[in-house]
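Here's the letter readout for the chains.
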Amino acid sequence: MAVEQEPISYEDAVAGSEQRLYDEGFYNLDQEVYVKKVANRYGLSEAKGSKLPLDVGYYQSRKDSKSLPDNKRYHSLVGALLYVSVNARPDISAGVAFLGRCVCNPLEVDWAELKRVVKYLLSTSHYKLKLSLNRAKPFILIGYCDSDWASNSSDRKSNTGYIYQIGYATVCWASRKQAKVSLSSMEAEYIALSEASKEVVWLRRLLAKMDAKQPDATIIYEDNYYTSCISFVEVERQSRLSKHIDTRMPYTMDLVKRVLSR
């Protein structure tokens with residue numbers, strides 16, 4: 001007989017978060033208590049840990065999997081893991097984002113992979129998000145951006161991922177599917193860089209309001225130089241390989257010209 005389970009409340013989630021201030025001048029943020037509550041609620045408290053939050057062959061294994069008879073528990077667990085990924089664990093953001101797309105019609109393999117995320121959190125419960133308060137170190141905003149070209153075998157859309165740090169503390173991150181199909185890895189990287197650039201504009205404005213205005217341009221590290229993404233941003237020209245790119249993507253070029261990011 002199926003046991004009806006109430007979703008974990010906001011009060012439980014907040015109670016499961018822990019912040020510690022150390023003498024060196026930094027906070028450690030973790031949700032170890034909350035993760036254990038989630039694992040216990042779904043019968044995974046004694047489960048063997050996982051080294052990865054998502055199996056590398058996940059997309060291939062979906063082809064022969066059957067639908068779950070009920071998606072209520074799946075929906076509830078996705079919500080619980082989204083809370084963890086948004087607040088303290090950027091390392092599970094991509095996996096939870098993939099699995100969150102299946103809430104309407106989850107498969108058995110989706111449910112297995114969702115539980116794998118919980119097992120991964122249990123095996124890495126000692127991981128903590130370090131927030132530096134040491135003003136002796138440069139309080140500079142730095143970004144990292146990447147994409148996973150045509151990784152979704154069902155629609156061949158790419159994924160965008162970026163992360164921002166201030167004073168060596170990770171403060172902002174995201175992993176999401178791109179809205180359109182990219183015809184090249186350069187286009188996928190360019191779209192990802194555009195999304196990351198919009199985020200950095202918001203972060204710089206927020207820091208300015210907090211009296212932490214950034215004195216120089218924000219550096220966004222992107223690894224697609226040799227396949228022309230960075231070089232394409234740096235020059236004002238189009239080629240037969242790039243003229244199909246949506247007109248909204250030159251937003252990044254405009255920021256470079258205005259010396260907001262590079």
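Above this note sits the structure.
Computed from a predicted model, the values in this text were never measured in an experiment.

A.B. asks: I would appreciate a short explanation of the overall build of the protein in the present structure.
C.D. replies: When its secondary structure is counted, the protein shows nine helices and seven strands. When the 262 residues of the protein are sorted by exposure, 44% land in the buried category. Taking the intrachain contacts of the protein between residues at least 6 apart in sequence as the baseline, contacts between residues at least 24 apart amount to 70%. Put simply, the protein shows about 15,100 Å² of open surface, and 53% of that area lies on carbon and sulfur atoms.

A.B. asks: Even after reading the chapter, I still don't get helix 2 (residues 32-41), so can you show me in this structure?
C.D. replies: In an α-helix there are 3.6 residues to a turn, and that puts residues three or four apart on one side. All of the buried residues along helix 2 are Tyr34, Val35, Val38 and Ala39. Take helix 2 and look down its axis: the buried residues cluster within an arc of 140 degrees, on one side only. Looking at the residues trailing helix 2, positive phi occurs at glycine 43, about 70 degrees.

A.B. asks: Mind showing me how you'd approach the packing of aromatic side chains here?
C.D. replies: We describe a pair of aromatic rings using the distance from one ring centre to the other and the angle between the two ring planes. Scanning the model with the defined rule gives five aromatic pairs in all. Judged by centre distance (5.3 Å) and plane angle (20 degrees), the rings of tyrosine 144 and tyrosine 221 are stacked. Within this pair, whereas tyrosine 144 is found in strand 4 (residues 141-148), its partner tyrosine 221 is found in strand 7 (residues 219-222), the two being separated by 77 residues in sequence. Assessed through its relative accessible area of 36%, tyrosine 144 is described here as partly exposed. Taken together, the ring pairs connect Tyr42, Tyr74 and Trp111 into an aromatic cluster.

A.B. asks: Looking at this structure, I do not really get the nonpolar core. What am I missing?
C.D. replies: Nonpolar side chains in soluble globular proteins tend to be buried together. With 28 residues, the main nonpolar core has Tyr74, Leu77, Leu81 and Leu114 as its most contacted residues. Mapped onto this core, the elements with two or more residues apiece are helix 2, helix 3 (58-61), helix 4 (72-87), helix 5 (93-100) and helix 6 (108-123). Counting residues per element, this core draws most heavily on helix 4, which supplies seven residues. For leucine 114, the residues in contact, after removing those within four places along its chain, are Tyr74, Leu77, Val78, Leu81 and Leu99. Counting 16 residues, the second-largest nonpolar core is a separate cluster that includes Leu141, Ala192, Leu193 and Ala212.

A.B. asks: For this particular structure, what's the right way to read a nonpolar patch on the surface?
C.D. replies: On the surface, Trp202, Leu206 and Met210 cluster together to form a nonpolar patch covering roughly 330 Å² of accessible area. Topologically, methionine 210 is positioned in the loop between helix 7 (185-209) and strand 7.

A.B. asks: Where do I start with helix 5 in this structure?
C.D. replies: The buried fraction of helix 5 is high, at six of eight residues. Taken residue by residue, helix 5 has Ser93, Gly95, Val96, Ala97, Phe98 and Leu99 as its buried positions. For helix 5, the elements touching its buried residues are helix 3, helix 4, helix 6, strand 5 (159-166) and strand 6 (169-177).

A.B. asks: Would you explain the pairing of strand 6 in this entry?
C.D. replies: Walk down a regular strand and you will see the side chains alternate between the two sheet faces. Taken together, the eight bridges between strand 5 and strand 6 define a ladder with antiparallel strand orientation. Among the inter-strand pairings, tyrosine 164 is bridged to a residue of strand 6, identified as cysteine 172. Connecting strand 5 to the antiparallel partner strand 6 that follows it, the hairpin turn spans two residues, and glycine 167 within it adopts a positive phi of roughly 55 degrees.

A.B. asks: Sorry, what's going on with the side chain of threonine 160 here?
C.D. replies: As for its position among the elements, threonine 160 is in strand 5. Looking at threonine 160, its side chain comes within polar contact range of the side chain of glutamine 178, at 2.9 Å. Beyond its immediate chain neighbours, meaning those up to four positions away, threonine 160 contacts Asp146, Ala174, Ser175, Arg176, Gln178, Ala192 and Glu195.

A.B. asks: I keep staring at the sheet that holds strand 4 and nothing clicks. Help me out?
C.D. replies: Strand pairing in a sheet takes place through backbone hydrogen bonds and is either antiparallel or parallel in direction. On the basis of which strands lie adjacent, the open sheet formed by four strands has the order 6-5-4-7 and mixed pairing. Where the open sheet ends on each side, the last strands, each with one partner, are strand 6 and strand 7. With direction set aside, neighbouring strand axes in the sheet form an average angle of 15 degrees.

A.B. asks: Got a minute to help me understand the pattern of salt bridges in this structure?
C.D. replies: Pairing between side chains of opposite charge can happen when their charged atoms approach one another. The full count for this structure, using the stated rule, is five salt bridges. Between glutamate 113 and arginine 116 there is a salt bridge; the shortest N-O distance is 3.0 Å. In this pair, glutamate 113 and arginine 116 are both assigned in helix 6, three residues apart and thus about one turn of the helix distant. In the salt-bridge network here, residues are joined through shared partners; they are Arg176, Glu195 and Lys198.

A.B. asks: Honestly, unusual backbone geometry in this entry has me stumped. Any pointers?
C.D. replies: Of note, aspartate 211 is a non-glycine position whose phi angle comes to about 60 degrees, a positive value. Tracing the sequence through the fold places aspartate 211 in the loop between helix 7 and strand 7. On the basis of relative accessibility, which here comes to 75%, the residue aspartate 211 falls in the exposed class.

Rules of the game
- Residues numbered from 1 in each chain as written.
- Predicted model: local features only at pLDDT ≥ 70, side-chain atom pairs only at ≥ 80, totals over all residues.
- Heavy atoms only, no water.
- Helix = DSSP H or I, 4+ residues; strand = E, 2+ residues; numbered from the N terminus.
- Buried < 20%, exposed > 50% of the residue type's maximum accessible area, 1.4 Å probe, protein only.
- Contact = heavy atoms within 4.5 Å.
- Areas by Shrake-Rupley, 256 points an atom, 1.4 Å probe, with all protein chains shown as cover.
- Arc of directions from axis to C-beta.
- Phe/Tyr/Trp six-rings, centres within 6.5 Å; stacked < 30°, edge-to-face > 60°.
- Core = buried A, V, L, I, M, F, W, Y, C linked by side-chain atoms within 4.5 Å.
- Patch = residues over 30% accessible without salt bridge, like charges linked within 9 Å, V, L, I, M, F, W, Y side chains within 5 Å.
- Salt bridge = Lys/Arg side-chain N within 4 Å of Asp/Glu carboxyl O.
- Pairing = 2+ DSSP bridges.
- Polar contact = N/O pair within 3.5 Å; in protein donor to acceptor, adjacent residues only side chain to side chain.
- Axes fitted to C-alpha atoms, helices over the stretch in contact; angles between N-to-C directions.

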